Amino acid sequence: MYPDLAGKTVVITGAATGIGQAIALRFGQEKANVVINYHSNHDGVEETIAKIKEAGGQAIDVQGDMSNEEDAQRIVQTAHDTFGSMDIMINNAGMENEVPSHELSLDDWNKVINVNLTGAFLGSREALRYMLKHQIKGNIINMSSVHEIIPWPHFVHYTASKGGVKMMTQTLAMEYAPHGIRVNGIAPGAINTPINAEKFEDPEKKEAVTKLIPMGYIGEPEEIAAVAVWLASSEASYVTGITLFADGGMTKYPSFQGGNG
Ligand code: BGC
């Protein structure tokens, strides 16, 4: 538990399902005020809100597209209007689809860049404006991926967006450190979430992915939520500009496992 998170207001984008939902619930258990943003899928939101309230936190949901400037502004404003503050922004909303790069349409490229990178930028920008105006030494967490460093054929829009998130995180961390605002990233590996459901339902594909993970299992959303609350808490007060990899070792060259090489 991180007692300093109690009563803090956190906005989590794309929090209807998966990692975002687990983060929302965990902040609720820390007794924070949780603003759950969702785009089109509302399934699971009511259940998460009920669980947060049961755990002693407070929660509301706000529909909105983070890659839309007005929506991003409205979401931060709603946090302020409801809870009187906004201390932590978690830019989690993301999407991916598999397409060989020479067949990738401009439309698909734009969609993924808009949600994963532009959405994280707008969420960060609105959070920074709010924190500067209200002199809040808050923090921002951007959801990246192991693919901020691992190339991934058929996912060039996704890898480009996450590489962008990595440098955006580092740049904002440096720029706003003098104001006491911390900006960090989290890079999950393969996690059991709806984004991956189809892939992991296929035993062959699941095995192929698991082979890439030295720890030998696909991670759970709660294992990502656990690092999010730590990064957001005062226990991480001197941590800014990092990407925290929570990937079971996926980024450690698993093909060398067993002493190959
Ligand atoms: C992607 C997953 C993928 C994992 C490891 C994540 O960023 O969302 O689909 O399984 O990286 O490759």
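Conventions used here
Residues numbered from 1 in each chain as written. Predicted model: local features only at pLDDT ≥ 70, side-chain atom pairs only at ≥ 80, totals over all residues. Heavy atoms only, no water. 1 Å grid on protein atoms, 1.4 Å probe; cavity = no way out; pocket = protein on both sides within 12 Å on 5 of 7 lines; lining within 4 Å. Points joined across faces, edges and corners; volume = space filled by probe spheres on them. Nonpolar A, V, L, I, M, F, W, Y, C, P; charged D, E, K, R; others polar. Near = heavy atom within 4 Å. Polar contact = N/O pair within 3.5 Å; in protein donor to acceptor, adjacent residues only side chain to side chain. Areas by Shrake-Rupley, 256 points an atom, 1.4 Å probe, with all protein chains shown as cover. Phe/Tyr/Trp six-rings, centres within 6.5 Å; stacked < 30°, edge-to-face > 60°. Buried < 20%, exposed > 50% of the residue type's maximum accessible area, 1.4 Å probe, protein only. Lys NZ or Arg CZ within 6 Å of the ring centre and 35° of its normal.

- Looking at an unreviewed UniProt entry, one finds the protein named Glucose 1-dehydrogenase and attributed to Paenibacillus hunanensis.

Topic: the layout of surface pockets
- Here the second largest pocket defines a volume of roughly 290 Å³.
- Lining the second largest pocket are 19 residues, and of these K137, G138, G180, R182 and S237 sit closest to its centre.
- Class assignment of the residues belonging to the lining of the second largest pocket gives a composition of 7 nonpolar, 7 polar and 5 charged.

With respect to the site of the ligand
- In the vicinity of the ligand, the contacting residues are E96, S145, H147, W152, Y158, G189, A190, N196, K199 and M250.
- With respect to the ligand, the side chain of Y158 contributes an N or O atom lying 2.7 Å from an oxygen atom.
- Out of a free accessible area of 310 Å², the ligand has 91% covered by protein chains.

Focus on the packing of aromatic side chains
- Taken as a whole, this structure holds 3 aromatic pairs when the rule is applied.
- Ring geometry for W152 and Y158: centres 5.8 Å apart, planes at 70°, overall edge-to-face.
- According to the relative accessible area criterion, Y158 is buried, its value standing at 10%.
- The interplanar angle of 85° and the centroid separation of 6.5 Å between the aromatic rings of Y253 and F256 together place this pair among those described as edge-to-face.
- You can call Y253 exposed: its relative accessible area is 63%.
- Through a chain of ring-to-ring contacts, three or more aromatic side chains come together here, namely W152, F155 and Y158.
- When the ring centre of F245 is taken as origin, the NZ or CZ atom of K252, which lies over that ring, is 5.9 Å away.

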